[in-house]
Each structure stands twice: as structure tokens, then as C-alpha cells.
Amino acid sequence: MAYRAATALAASASKYGALWGRGFETFKNRRILSVSGADDHATTYLQGLVTADLNSEPSPPREETMDSVHALAAKTGDTESGTTDTDDEPEEEEVPVRFTSKMRSATFLDHRGRIITDALLWKRHPEGADAKTTEYLIDVPDDTGDLLFAHLKQHKLRRSKIKLADKSDEITSHAVYGTLNAEGAPPGYMAAMDPRHPSLGMRILSVGEEILNTTDGESDRAKRQLHFETLMNKFFPSTPGTYGVLRKLAGIAEGTEISSRTALECNQDFLNAISFSKGCYLGQELTARSNFTGVVRKRIVPVMIVDTEMEVPKPWVMASMIQELGTEEGMDKIFGLTGEDGEKKKLALKGYIPPPLPKISAAGAGSIVSMMMGSVASADQNPQDDRSEELNRLREQGQKLQEEIADLAEAGASIIDKKDSRTIGKIVSTPAPGTTVLLAQMRLDRLGLLGSEQKWSRKNKVMIGDSEKEYRYLPFLPLWWPDIDPATGKGKEDQEK
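**A closer look at the overall build of the protein chain**
Consideration 1: For the protein chain, the count of helices and strands is 13 helices and 17 strands.
Consideration 2: Residue burial in the protein chain is summarised as follows: out of 497 residues, 54% are buried.
Consideration 3: Looking at the protein chain alone, contacts between residues at least 24 apart form 71% of all its contacts between residues at least 6 apart.
Consideration 4: Within the structure as shown, the protein chain displays about 23400 Å² of accessible surface, and the carbon and sulfur contribution to it stands at 47%.

Rendered as C-alpha cells:
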């Protein structure tokens, strides 16, 4: 399974947390739409249709050094969370990560302010075209490609000096994981780090005509895919399907998963897809009003579903205690901050404010899933010993649970809290393959993130869809989330700005 790559943390970024294991893939479920025009006509046209500001450089993703588990271990020297003392290890050189207007994250809205689709916008000057010609290549999920293309045509005025085209059969989209270096792309390729967050990998477009002239294949797409795979096989293993797992563990919903929802409910404000200072654009009113005056009561979050008999992992136990007892009393109970040893721990923890829910990287979430599902085993492990029997039992339980959740967790299915029979969330995507991690639009108050009346508890019991069986839900916060203001449901940093 692709999720097992999470156990190999091949790279560590000093500013953006642990990266996914090294690999690459060619996307078969992406569309490439083109908007081109002389001078700034293409920019002017799109500026009125997207939430991003095409006339300014994009902001870099929010920096995050490590997840909450490792941050706490670094403070206390605790090695029970899966970390080890690295004082004797050389520090890794900080890798510079560059983000430019060459590629940016954006969202297209309808006249009501509801999302049509998310997209990645590439900007270039096409080969062989006039030097003044600017082209935007819109990399969009396949399930919303036709809808977006129709939307672009609808808003192209008769006298508009732009051209629209579907180049999905001419240009291919790829991703490379486990690296932060997107510089020096080979001839015929465009490369940039994913502007939403570097943990999602480096995005690549195959655009050069020279690739088609030097590679055999039945179609342009086949030639481009073969050329890319031949090039990458020298450095990275092929890992098809990785992105589908990675983005869900990273809490990224896209395409039809976010269609007809508001931009802030889908975290587009956290993903550098919205400018709140640009001029007018289609759907701006609802987005601006939600940001400046409203309260965001629901957001899409990654949620792990487990059996009620399974042991709750330590990060969620700690989060539950903090929510139930408060920061000071919860920290005292978790770490035993009394006596001489307690005073030392207090000094080590000075200034540390634990998040209300675990903040976990995609790689970290994959590792936790692997351990809970019994997918981690030592190479020299004796199949006859007790540990092997325990792993086999976990694998059987994990496989059964995955099958159950895959059947129940359809898009639109409700997550119902057993204690009061209220719907606390709606599933927007099926579980990541090989896991029970799904994306759901959850009520923030029921996660302990909005207001003070409700608390999330590790002892919760929920039902999914029409099933009467009880499960437990373990929500977690992606590293790219800011601290949430409990009064508004928005990022504290963003409001300060």
C-alpha cells in the first residue's frame, strides 16, 4: 500500500516538518486548461474569476518546524512518542524553498460565492509564441474540469482578446515526493513546489515539444509519461497512487469534494488560495463577509475512525485531557508536574501551549495508522513469537475495520454523536487507501475549537451513515493550520494581519 511510504521519512524540512518518502507519479485524473492572451489580457480576465491575486507574488505556506508530538518530546526529552535523542546527530542543513508567481493556488467561485473548484495556476510564455503572449495553464481535478471549462467560456466576452483551450491531451501533470528542490527543471518541463504546502510534493508539467520529438509512443500523453518515467527512474522509485493517500492524510480536499461549499469552510484561506486585499472578483461578497464579519462554524478536517475497543494513541489522550481539565491542570496530570522532577519539567515546558487537538504531519499520520493497523514489523522478527501474533491480530482487526469504513464512509454520509444523536459532521471524501483516515466537514464546537461549551473527548462514540455500530473518531490538525481563534473559527495569525 502507498501509505506505508509514510514509515520512511526520507527528508526533513526545517521549516515545513517531515516530508513523505521519496517517489514520483504521473496523474491520470487531472485536466490542463489554457487561458492565453497578448500583454496582460489573460491576467486581467482571470483576475476577475479567481480568489488569488494574480498581480502580486504569492505568500509562502505557513512555516511549521515539527508536529505537536515531536515538539513536546523535544521539550521534555520524552522518547515514548517515537522520538529519540538527536543531540549527537549533525544538524541538517536548512533547505531554501522558493515560491513564485510561476505557480499558485487558487479557487474559482460561482456568483453565489460557492466553490466551483480549486486549481493550481501555472504562468508561462509559450514556446514559439509572441514574446508578449502570456499563458496560464490551469491544473484542475478531472471531476471538475468540464464544469470549470464551461464556466470559463461563459465569462469570456465576445471581444475578449484571450483564447481558451483544453490541453489535457497535450500536456501531462506529475508529482515528485521527498524533496524540497524544484530548481533546475530539465528542458521541456516546468517545476515548482506545491504552493499549498511543500509536504504535498513538487508539481511538474511536461510542456516541451522536444519531448515529443525524442520519445516513442502512441499518443502525446504516452510519450510524455514515458519520457518522465525514464528520467525519474534514475533517482526516485515510482509510487503511483501516493497523492491520493498523501493529500487526505494532509487534510486537503479538492475537486467535487469542495464544490458548492464556501471557501473558508474548505480551508482555502489557510492554503494561500485567497487574497482578502485584491479588487472585485466573482463570488467575492460572501467570501469577504465570512472573513471580516462572520464566524466559521464548520471546517474540513482529517479524521481517523477506529473501533471503540482500540487503544487511543497518546496524542489524542493528551489532547482530551487538556480540553477536559484545562491547560494547567491537564499538563500537571499528564506530566506529573510536582516535586523536584516536576519543577524541572515545568522549566522545560515553559512557553509551550499544547494544541486543542494533535497537530500531525501527513507522514506522522501515516506512521500512526501503520502501527495501529499492524503494518509495521521488524525484518528479523520471528513469526512464532508473541509480538508476531499480536501484529497478526492487529492486521486482521485493521483489515476488517478498513473494509467496514470503506463501505460506510461515502461522500455525504453523516457522523452522528451517540451521546445526543446530533450530526456533528459530513464526510466529504472516502478513506485514504489502506487507512481509516477520511476528510469530513466537522462542527468546530464539537472538536473543542469554537466556543467553550463543548469539548472533544477520547471516549466519544459515533455512528456513521445508516450504521448502528459505534465507532470512535480521532480528528487531528494538519501542520499547515494556524492556531484557531475559539471566538471566530478563523486563524489567529490571519486576523492579526
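More follows now that the structure is in view.
**Side note on the sheet that holds strand β3 (residues 23–26)**
Consideration 1: Spatially, the four strands line up as an open sheet ordered β3-β9-β11-β10, and their pairing is antiparallel. Where the open sheet ends on each side, the last strands, each with one partner, are β3 and β10 (189–193). The mean angle between the axes of side-by-side strands here comes to 20°, regardless of whether they run parallel or antiparallel.
Consideration 2: Note that β3 and strand β9 (residues 172–177) share four bridges and pair antiparallel. Bridge assignment links Phe24 to a residue of β9, and that residue is Val176.
Consideration 3: This element, helix α5 (residues 220–232), spans β3, β9, β10 and β11 (202–206) of the sheet and lies at about 20° to β9.

**So, helix α8 (residues 314–325)**
Consideration 1: Along its twelve residues, α8 runs 16 Å from first to last C-alpha, staying within 8% of the 16 Å computed at 1.5 Å per residue.
Consideration 2: Within α8 the residues assigned to the buried category are Pro315, Trp316, Met318, Ala319, Ser320, Met321, Ile322 and Gln323.
Consideration 3: Remark: Gly326 follows α8 within two positions and exhibits a positive phi of approximately 95°.

**Points about the pattern of salt bridges**
Consideration 1: Counting across every chain of the model gives 23 salt bridges.
Consideration 2: Among the salt bridges present, the one from Asp139 reaches Arg30, with a minimum N-O distance of 2.8 Å. A residue pair is termed long-range when its members are at least 10 positions apart, and Asp139 in strand β7 (residues 133–141) and Arg30 in strand β4 (residues 30–38) qualify at 109 residues.
Consideration 3: With relative accessibility at 0%, the residue Asp139 sits in the buried group.
Consideration 4: A relative accessible area of 8% places Arg30 in the buried class.
Consideration 5: With a closest N to O distance of 3.4 Å, Arg30 and Glu254 form a salt bridge. Highlighted residues: Arg30 in strand β4 and Glu254 in the loop between α6 (242–249) and α7 (284–292), separated in sequence by 224 residues.

**Digging into the pairing of strand β13 (residues 414–417)**
Consideration 1: Along β13, one buried face is formed by Ser414 and Ile416 and the opposite face, lined by Ile415 and Asp417, is buried too.
Consideration 2: One ladder, built from four bridges, connects β13 with strand β14 (residues 422–429); its direction is antiparallel. Residue pairing for β14: Ile416 is matched across the bridge by Thr423.
Consideration 3: Taking the residues between adjacent antiparallel strands as the criterion, β13 and β14 are bridged by four residues, where Ser421 takes a positive phi near 60°.
Consideration 4: Looking at chain direction, β13 and strand β16 (residues 462–464) are connected through three bridges and run antiparallel.

**Some thoughts on α6**
Consideration 1: Extensive coverage of α6 is indicated by the burial of seven of its eight residues.
Consideration 2: Here α6 has its buried residues at Thr242, Tyr243, Val245, Leu246, Arg247, Lys248 and Leu249.

**Concerning the pairing of β14**
Consideration 1: Inspection of the sheet shows β14 paired to strand β15 (residues 437–443) by four bridges, in the antiparallel sense. Across the sheet, the residue bridging to Gly425 is Met442, located in β15.

How each quantity is defined
- Residues numbered from 1 in each chain as written.
- Predicted model: local features only at pLDDT ≥ 70, side-chain atom pairs only at ≥ 80, totals over all residues.
- Heavy atoms only, no water.
- Helix = DSSP H or I, 4+ residues; strand = E, 2+ residues; numbered from the N terminus.
- Buried < 20%, exposed > 50% of the residue type's maximum accessible area, 1.4 Å probe, protein only.
- Contact = heavy atoms within 4.5 Å.
- Areas by Shrake-Rupley, 256 points an atom, 1.4 Å probe, with all protein chains shown as cover.
- Pairing = 2+ DSSP bridges.
- Axes fitted to C-alpha atoms, helices over the stretch in contact; angles between N-to-C directions.
- Expected span 1.5 Å × (residues − 1).
- Salt bridge = Lys/Arg side-chain N within 4 Å of Asp/Glu carboxyl O.

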